[in-house]
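# What the coordinates show
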Amino acid sequence: MTVVQDDRLIKIEEAVNKGIRISTEDGLYLYENAGLGYLSRMACLIKKRKSGESVFFNRNFHIEPTNICIHNCRFCSYSRKINQPGAWEMSPEEILQKIQHFKGHSATEVHIVGGVHPNRTLDYYEDMLLQIRKAHPSLFIKAFTAVELDFMFRKSQVSVNTGLARLKQAGLDSIPGGGAEIFDEEIRSTICPDKSGSGTWLSIHESAHQIGIPTNATMLYGHLEKYSHRIDHMNRLRQLQDRTGGFQVFIPLKYRKANNSLGIIGEVSTTEDLRNYAVSRIFLDNFPHLKAYWPMIGQDIAGMSLSFGVDDLDGTIEDTTRIYSMAGAEDQNPAMTTEGLVSLIRKSGLEPVERDTLYNTLKIY
Ligand code: V47
Ligand code: SF4
């Protein structure tokens, strides 16, 4: 019996072995043709080159100050309009109470994201950061998606550079990756028609990198997009990262279908999730880390993702986010102990490392 080889996959493997960047056409070819075993092998090789046996996690909690939002993203299960049942707004006192509560729990990072509230200005968020910084000076503040930033700067009529500099001065340490969704303009106009555009998202991240604020990048996948749109999305990120080096981690976010108007399309399979992690690890050669955000895919798939190039599992979360539980995720009260994260990582034969937000090692387990 003759074994038919796939010359293109062999060439891609040779490139990966030599550390040569793969093209957009190669990326698309991997999505369409590579087997699971091949993808796992290539992605693990790259992961090992970048972070050895380490898999990172941190001790973090979220604050979602409000779910009131001016936008109408079709995949969102969480946002509400003012006075609509289920809408919430935290007062500054409630926010500070949360900070004080987690000060006693040795969390090192707070992740603050929420809806784009129509009445909140830059002054309001600046004050929020100043109060948090005063209450807990050593807590790392990762806050506000580019979409929230775009609105607050426009509402307060300041430039992106001025707005970012003011927030940095008030205590902003880094910017999370949300709001990127999918950059392709046509798909974007269908799934989130009135949201800040792809160019705006990318240019806010570029400005942040230029003034020394590190940022994360996400990609929402498994909805109306095709593989070519995922490659286009990652290519725009790869090009920006070549210019600035300011991205810390790439976080694929699987579309979850409950309680939103896109739900009829269903969800992609676990195999597709794993293939997607691997292709992103192979394609994004200039991203130091790849994160599986366990509240979105569940702890089991997060564990499996460690064999597909992932080297970061986010954090303990402490049951402080609602975005995914409201969209139907397995963990309705997402929280993991340090022991739980350590054990998940050890089961894959890898080394658990507690990190800070900038991926400095705090403790090796
Ligand atoms: O931009 C909303 C996504 C994002 C759904 O930077 C959904 O470390 C799937 O960006 N199904 C916000 N996804 C959350 C986010 C994030 C999460 C974890 C870590 C980091 C980080 C950033 O959540 C939105 C959108 O892409 N999202 N609804 C849904 N139904
Ligand atoms: Fe608003 Fe974000 Fe939901 Fe879109 S995804 S509607 S911007 S909260």
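Read on for a plain summary of the structure.

## Here we look at the overall build of the chain
Along the chain, the regular secondary structure elements total 14 helices and ten strands. A compact globule built from 365 residues should have a C-alpha radius of gyration of about 21 Å, and the chain, at 20 Å, falls within 12% of that. Counting only C-alpha atoms, the chain reaches 70 × 45 × 40 Å along its principal axes. The buried share of the chain, reckoned over its 365 residues, is 57%. Of the contacts formed within the chain by residues at least 6 apart in sequence, a portion of 75% connects residues at least 24 apart. Summing over all exposed atoms, the chain offers an accessible surface of approximately 14,700 Å²; the carbon and sulfur share of this is 51%. Averaging the locations of the 41 positively and 44 negatively charged side chains of the chain gives two centres separated by 1 Å.

## Some thoughts on the pattern of salt bridges
For the coordinates displayed, the defined rule picks out 23 salt bridges. For Glu 185, the salt bridge goes to Arg 236, with nearest N and O atoms at 3.0 Å. Of this pair, Glu 185 sits in helix H8 (residues 185-191) while Arg 236 sits in helix H10 (residues 227-244), and the two are 51 residues apart along the sequence. On the basis of relative accessibility, which here comes to 45%, the residue Glu 185 falls in the partly exposed class. For the salt bridge of Glu 330 with Arg 256, the shortest nitrogen-to-oxygen distance reads 3.1 Å. Here Glu 330 is found in the loop between strand E8 (312-315) and helix H14 (338-347), whereas its partner Arg 256 is found in the loop between strand E6 (247-254) and helix H11 (270-283), with 74 residues between them in sequence. A relative accessible area of 8% means that Arg 256 is categorised as buried. Several salt bridges share partner residues, and in doing so they unite Arg 21, Asp 242 and Asp 285 into one network.

## A closer look at the site of ligand 1
Taken together, 22 residues sit near ligand 1, with Phe 75, Lys 142, Gly 177, Gly 179 and Glu 181 positioned nearest. Here a nitrogen atom of ligand 1 sits 2.8 Å away from a polar atom, N or O, in the main chain of Phe 75. Between ligand 1 and the protein, one listed contact pairs an oxygen atom with a backbone N or O atom of Gly 179 at 2.8 Å. Bound to the protein, ligand 1 loses 96% of the 620 Å² it would expose on its own.

## Let's talk about the pairing of strand E5 (residues 215-221)
The buried fraction of E5 amounts to seven of the seven residues, a majority that puts the element mostly inside the structure. Side-chain alternation along E5 places Thr 215, Ala 217, Met 219 and Tyr 221 on one buried face and Asn 216, Thr 218 and Leu 220 on a second face that is also buried. When E5 meets E6, the two strands line up parallel, connected through six bridges. Among the inter-strand pairings, Met 219 is bridged to a residue of E6, identified as Pro 252. Remark: the E5/H10/E6 crossover connection has right-handed handedness.

## A look at helix H4 (residues 92-103)
The end-to-end C-alpha distance of H4 is 17 Å, a good match for the 16 Å that twelve residues give at a rise of 1.5 Å each. When H4 is considered as a whole, its buried residues turn out to be Ile 95, Ile 99 and Phe 102. Summarising the axial view, the buried residues of H4 lie within an arc of 75°, below the 170-degree limit, and thus occupy one face. Projecting away from the buried face of H4 at angles above 90 degrees are the exposed residues Glu 93 and Gln 97. Structurally, H4 contributes buried residues whose contacts are with strand E2 (60-63) and helix H5 (122-135).

## Describing H11
Helix length check: H11 (14 residues) gives 20 Å between terminal C-alpha atoms against 20 Å at 1.5 Å per residue, within 8%. For H11, the buried fraction is high: twelve of the 14 residues fall into the buried class. Among the residues of H11, Glu 272, Asp 273, Leu 274, Arg 275, Asn 276, Tyr 277, Ala 278, Val 279, Ser 280, Arg 281, Ile 282 and Phe 283 are the ones counted as buried.

## Some remarks on the packing of aromatic side chains
A complete count under the given rule lists eleven aromatic pairs for this structure. A ring pair is formed by Tyr 78 and Trp 88, whose centres lie 5.5 Å apart and whose planes are at 85°; its orientation type is edge-to-face. Here Tyr 78, found in the loop between E2 and H4, pairs with Trp 88, found in the loop between E2 and H4; they are ten residues apart in sequence, far enough to count as distant. Looking at Tyr 78, the relative accessible area reads 6%, which means it is buried. By relative accessible area, Trp 88 is classed as partly exposed at 24%. Grouping aromatic residues by their ring pairs yields a cluster made of Phe 183, Trp 201, Phe 247, Phe 250 and Phe 287.

## A closer look at the environment of Ile 282
Relative to the helices and strands, Ile 282 resides in helix H11. Relative accessible area serves as the criterion here: at 4%, Ile 282 is assigned to the buried category. Between the C-alpha atom of Ile 282 and that of Gly 246, which follows or precedes it by 36 residues, the distance is 19 Å.

Cut-offs and rules
- Residues numbered from 1 in each chain as written.
- Chains lettered and ligands numbered in written order.
- Predicted model: local features only at pLDDT ≥ 70, side-chain atom pairs only at ≥ 80, totals over all residues.
- Heavy atoms only, no water.
- Helix = DSSP H or I, 4+ residues; strand = E, 2+ residues; numbered from the N terminus.
- Rg over C-alpha atoms; globule rule 2.2 N^0.38 Å.
- Buried < 20%, exposed > 50% of the residue type's maximum accessible area, 1.4 Å probe, protein only.
- Contact = heavy atoms within 4.5 Å.
- Areas by Shrake-Rupley, 256 points an atom, 1.4 Å probe, with all protein chains shown as cover.
- Lys, Arg positive; Asp, Glu negative; His and termini not counted.
- Charge placed at Lys NZ, Arg CZ, Asp CG, Glu CD.
- Salt bridge = Lys/Arg side-chain N within 4 Å of Asp/Glu carboxyl O.
- Near = heavy atom within 4 Å.
- Polar contact = N/O pair within 3.5 Å; in protein donor to acceptor, adjacent residues only side chain to side chain.
- Pairing = 2+ DSSP bridges.
- Right-handed = clockwise from strand over helix to strand, strands pointing away.
- Expected span 1.5 Å × (residues − 1).
- Arc of directions from axis to C-beta.
- Phe/Tyr/Trp six-rings, centres within 6.5 Å; stacked < 30°, edge-to-face > 60°.

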